[in-house]
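Each chain is listed here by its residues.
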Amino acid sequence: MNGDREHPRGSRVTGERDEVLGAALRSLPVPAHRPGFDANLLANLRAEVRGRDATMREREADREGSAGSRLAHPGRSRAWHRRGLTISLAAAASIALALFLMVANFPGGSLRTASAAEVRAAVARAWASARGIAGVLIVDYRAPVVASQQDGRWRFLLTAEGDFRLTGLDHAGVIAYDAKTDIERSLSTSASMAGSNELFAAELTGLAPGAPDAGPSSALLDRNLGSVVRALAAGRGGRVHEVTYQGRAAWLLDLKVPSGGALFPDHLQVTVDRQTGFPVRVIASQDGQTIYQTRIDDLTVNPRIPASAFSLKFPAGKQVSRTDFGFRHMATEDVGRTVGYTPVVPTFIPGRYRLSDVMVSVKPTSTGTNPSVGDIVSLSYRRGLDQFIVTTRPVGPNPKAWHDPVDNGQGHVQGTQRVTFSSGVLANKAGHLVIGPFAAPHIWALTDKLVVTVSGDLTRAELVQVAGSLGPLKSHLRSP
Amino acid sequence: MTPIGDEACHSGGRTAAPEQEGVAEARALERARAGDLDAFVELISLHDRALRALAYRLLGDAQRMDDVLQEAYLKAFRSLHGFEGRSAFGSWLHRIVYNACMDQLRRRRSGARHLSLGEVDALADPMPDPGDVAAQRLDLAAALASLPPELRATVLLVDAEGMDYETASQVLGIPVGTVRSRLNRARGLLRRTLSDDERGRDGS
């Protein structure tokens, strides 16, 4: 179209497209697929694959038998040649189609603005499929009191196995956690010694895979990256703008979030890098005032990682503070014997998650204000940078003494909902479901003997399904 | 596996996907070609919403939309080995779906009838919200349904999905000039029917 033309409803034709008409057309509802559409398609696809396999086997058999039997079975030979001709024609057609497509080289058109749901889906996909990420994390709080504790620039490296390394760029300090050895080492200044540059060495061992028990000190990354991904996943709606951020195409998702309290934002502006699907900047505000801004520079997805990246050598002679939290990797067949009860495991595992760690602590520890108990089993499942954890521990003599084990008292947990299960070991038991913009989504529940938690990067439906599928650990469950 | 029809998925018509999307799509393609059904479903999911929109607007019936998409997705799976493009996968899929819809319309031709605006009301989308917006949507859905399918597809691909004329011409299998003329006709007819309808409602 050349020039601009008025549309009766105020639409304008600019360039090739009528943008207003296009927006109106896009706003028309589109029916969802009928129930069972996916299952039907998958069944058809599987039948197709089975059919191909059968044809392949038939061809193999034909090939094997052709040399010896062609003279004896000329008809069969003709059949083979007919099939060969068909295959050749199909191949020729494929090549022709490929050539056509190459020659046609469908040129790209201008893209419509993505919806908020699409941006969320892109972020979720990126998070769930990455093997690792690296970059520079910059945190900038506006409130001076918080800023003095939180602000800074760190070079970070995070892998899908849970290893991470944080190196201070504008201050001294480094933390490295090796998931294989379950050892975290750090050199850092003391928060209680303001102005001092003295570095203290610490080594943590026996760490749990994560909440509700003490896991690696990845809170900085979790607070500034993981929580953003969770906030996006938990949120609804929002407006998307196409923007350029640091010279790269990006989406700016502007959304309101239910505030988690005085220190938590009620509004986020999240810039998502279109190429990678990762959030690269977050501006968090409350009542229109910016509370903090975080951003990631030099983001690299699936970086090459040196073997030594997650080990940290202390300077010779340095005094090292060592703490053992009591968790140990364990083969699944040894778990029941060690803890003295039959642990529970989910039989429903959401797509592409895999069991990555089985850890046990016999050492009594407490979560929040809960009773201190040992014999804790923690199962960690991972999918890209996503993780969810299933834990069990003895309930002890006083079930009423238990509160949410995942609530660390920092105000993240709000809006608990009660759910009742109809299957598994939690059948007819009430569970407590927490999905908030800044809390790790989780469910906790009590059986007669156990406290059970399921927490991590799961949707509400997945959480309920996983918790509802919990059953006694069977001997056939293989160790990761 | 990404559920098909998940509204959180990318919409289709994206013929110039960013490099990373293209790479991710190419990887999914490789896996799908190797027989990974989840990868194929993932590919389909990227474009499913746009394809549902196209099929539904062309066929005017959710049941037929699903039937045709089942057929088209299966056809796409069978033809994957012949697909070498990367960022043009969405266009290729659109072409398959468009052709399947047109085949379905041709098969129905004997029993088909051209719907009047009044009849089209019955096909119009459910209105989640009352008032002007809903009225406009109903008008637009009805006006769109009154267009010949070829014009409907053109205006949907270009104005709604944001395809450029070249891409739309590949999907529709027509020259660029025809895309241009179909668009002119479609927009003109939409304007006229919407204006007529507005006058009718105003009593003028």
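Thresholds applied
Residues numbered from 1 in each chain as written. Chains lettered and ligands numbered in written order. Predicted model: local features only at pLDDT ≥ 70, side-chain atom pairs only at ≥ 80, totals over all residues. Heavy atoms only, no water. Helix = DSSP H or I, 4+ residues; strand = E, 2+ residues; numbered from the N terminus. Buried < 20%, exposed > 50% of the residue type's maximum accessible area, 1.4 Å probe, protein only. Contact = heavy atoms within 4.5 Å. Areas by Shrake-Rupley, 256 points an atom, 1.4 Å probe, with all protein chains shown as cover. Pairing = 2+ DSSP bridges. Axes fitted to C-alpha atoms, helices over the stretch in contact; angles between N-to-C directions. Expected span 1.5 Å × (residues − 1). Polar contact = N/O pair within 3.5 Å; in protein donor to acceptor, adjacent residues only side chain to side chain. Salt bridge = Lys/Arg side-chain N within 4 Å of Asp/Glu carboxyl O. Phe/Tyr/Trp six-rings, centres within 6.5 Å; stacked < 30°, edge-to-face > 60°. pLDDT = per-residue confidence, 0-100.

1. Some words on the overall build of chain A
Next up, step 1: When its secondary structure is counted, chain A shows eight helices and 25 strands.
Next up, step 2: Expressed as a percentage of its 480 residues, the buried residues of chain A come to 47%.
Next up, step 3: Residue pairs at least 24 apart in sequence account for 56% of intrachain contacts in chain A once pairs closer than 6 positions are excluded.
Next up, step 4: In the structure as shown, chain A presents an accessible area of about 23500 Å², 54% of it carried by carbon and sulfur atoms.

2. Details of the environment of A:Gly152
All names here are of chain A.
Next up, step 1: Assignment of secondary structure puts Gly-152 in strand 5 (residues 152-159).
Next up, step 2: Residues Gly-152 and Asp-170, spaced 18 residues apart in sequence, show a C-alpha to C-alpha distance of 6.4 Å.
Next up, step 3: Not counting residues up to four positions away in its chain, the partners in contact with Gly-152 are Leu-137, Ile-138, Val-139 and Asp-170.

3. Some points on the sheet that holds strand 22 (residues 430-434) of chain A
Sheet strands associate in pairs through backbone hydrogen bonding, adopting either a parallel or an antiparallel arrangement.
All names here are of chain A.
Next up, step 1: Strand order in the open sheet formed by eight strands is 16-18-19-20-24-23-22-21, with antiparallel pairing between adjacent strands. On the outer flanks of this sheet lie strand 16 (327-329) and strand 21 (417-420), each paired with one strand and no other. Averaged over neighbouring strand pairs, the angle between their axes works out to 20° when direction is ignored.
Next up, step 2: Pairing between strand 21 and strand 22: four bridges, direction antiparallel. Residue pairing across strands places Arg-418 opposite His-432, the latter belonging to strand 22.
Next up, step 3: Strands in contact with helix 8 (residues 460-468) are strand 20 (386-394), strand 21, strand 22, strand 23 (442-446) and strand 24 (450-456); relative to strand 23, the strand with the most contacts, it is inclined by about 30°.

4. Quick look at helix 3 (residues 62-79) of chain B
Residue and element names in this part refer to chain B.
Next up, step 1: Between the first and last C-alpha of helix 3 there are 25 Å, a value that for 18 residues agrees with the 26 Å anticipated at 1.5 Å per step.
Next up, step 2: Met-65, Asp-66, Val-68, Leu-69, Gln-70, Ala-72, Tyr-73, Leu-74, Ala-76 and Phe-77 are the residues of helix 3 that are buried.
Next up, step 3: Its side-chain oxygen 2.8 Å from the backbone nitrogen of Gln-63, Asp-61 forms the N-cap of helix 3.

5. Digging into the pattern of salt bridges
Opposite charge on two side chains permits them to pair, given that their charged atoms come into close proximity.
All names here are of chain A.
Next up, step 1: Within this structure, the stated rule accounts for 17 salt bridges over all chains.
Next up, step 2: With a shortest N-O distance of 3.3 Å, Arg-322 and Glu-203 are connected by a salt bridge. Remark: Glu-203 occurs in strand 9 (residues 200-205) and Arg-322 occurs in strand 15 (residues 320-324); sequence separation between them is 119 residues.
Next up, step 3: Its relative accessible area of 11% is what places Glu-203 among the buried residues.
Next up, step 4: Taking the shortest distance from any N to any O, the salt bridge between Asp-273 and Arg-248 comes out at 2.7 Å.

6. Things to note about the sheet that holds strand 13 (residues 279-286) of chain A
Residue and element names in this part refer to chain A.
Next up, step 1: Read across the open sheet, the 12 strands follow the order 10-11-12-13-14-4-5-6-7-8-9-15; overall the sheet is mixed. If you trace the sheet from one side to the other, it starts and ends with strand 10 (239-245) and strand 15, each paired once. Across the sheet, the mean angle from the axis of one strand to that of its neighbour is 15°, orientation sign disregarded.
Next up, step 2: Strand direction decides the pairing type here: strand 4 (residues 132-141) and strand 5, joined by eight bridges, are antiparallel. Of the residues in strand 5, the one forming a bridge with Gly-135 is Phe-156.

7. Re the pairing of strand 24 of chain A
Residue and element names in this part refer to chain A.
Next up, step 1: Where burial is concerned, most of strand 24 is hidden: seven out of the seven residues are buried.
Next up, step 2: By the alternation rule, side chains of strand 24 split into Leu-450, Val-452, Val-454 and Gly-456 and Val-451, Thr-453 and Ser-455, which are all buried.
Next up, step 3: The pairing of strand 20 with strand 24 spans seven bridges and is classified as antiparallel. Residue Pro-394 lies in a different strand from strand 24, and its bridge partner there is Leu-450.
Next up, step 4: Pairing of strand 23 with strand 24, which is carried by five bridges, proceeds in the antiparallel orientation. Pairing of His-442 across the sheet is with Ser-455, part of strand 24.
Next up, step 5: From the end of strand 23 to the start of strand 24, which pair antiparallel, there are three residues.

8. Thoughts on the packing of aromatic side chains
Next up, step 1: Under the defined criterion, the tally for this structure stands at seven aromatic pairs over all chains.
Next up, step 2: Aromatic pair A:Phe37 and B:Tyr73: ring centres 6.4 Å apart, planes at 85°, arrangement edge-to-face. Placement of A:Phe37 in helix 2 (residues 37-69) and of B:Tyr73 in helix 3 is noted, with the two residues assigned to different chains.
Next up, step 3: Judged by relative accessible area, which is 1%, A:Phe37 ranks as buried.
Next up, step 4: With relative accessibility at 0%, the residue B:Tyr73 sits in the buried group.

9. Quick word on the confidence of the model for chain B
All names here are of chain B.
Next up, step 1: In this model, chain B carries an average pLDDT of 72, and 67% of its residues clear a pLDDT of 70 or more.
Next up, step 2: The element-level mean pLDDT for chain B is lowest in helix 5 (residues 117-120), coming to 32, with helix 7 (residues 149-160) highest at 92.
Next up, step 3: For residues 6-17, every residue scores under 50 in pLDDT, and the model assigns this stretch 59 contacts once sequence neighbours within four places are set aside.
Next up, step 4: Every residue in residues 110-135 is under pLDDT 50, and counting partners more than four places away or in other chains gives 29 contacts.
Next up, step 5: On the interface metric, ipTM, the complex scores 0.78, and its pTM is 0.54.

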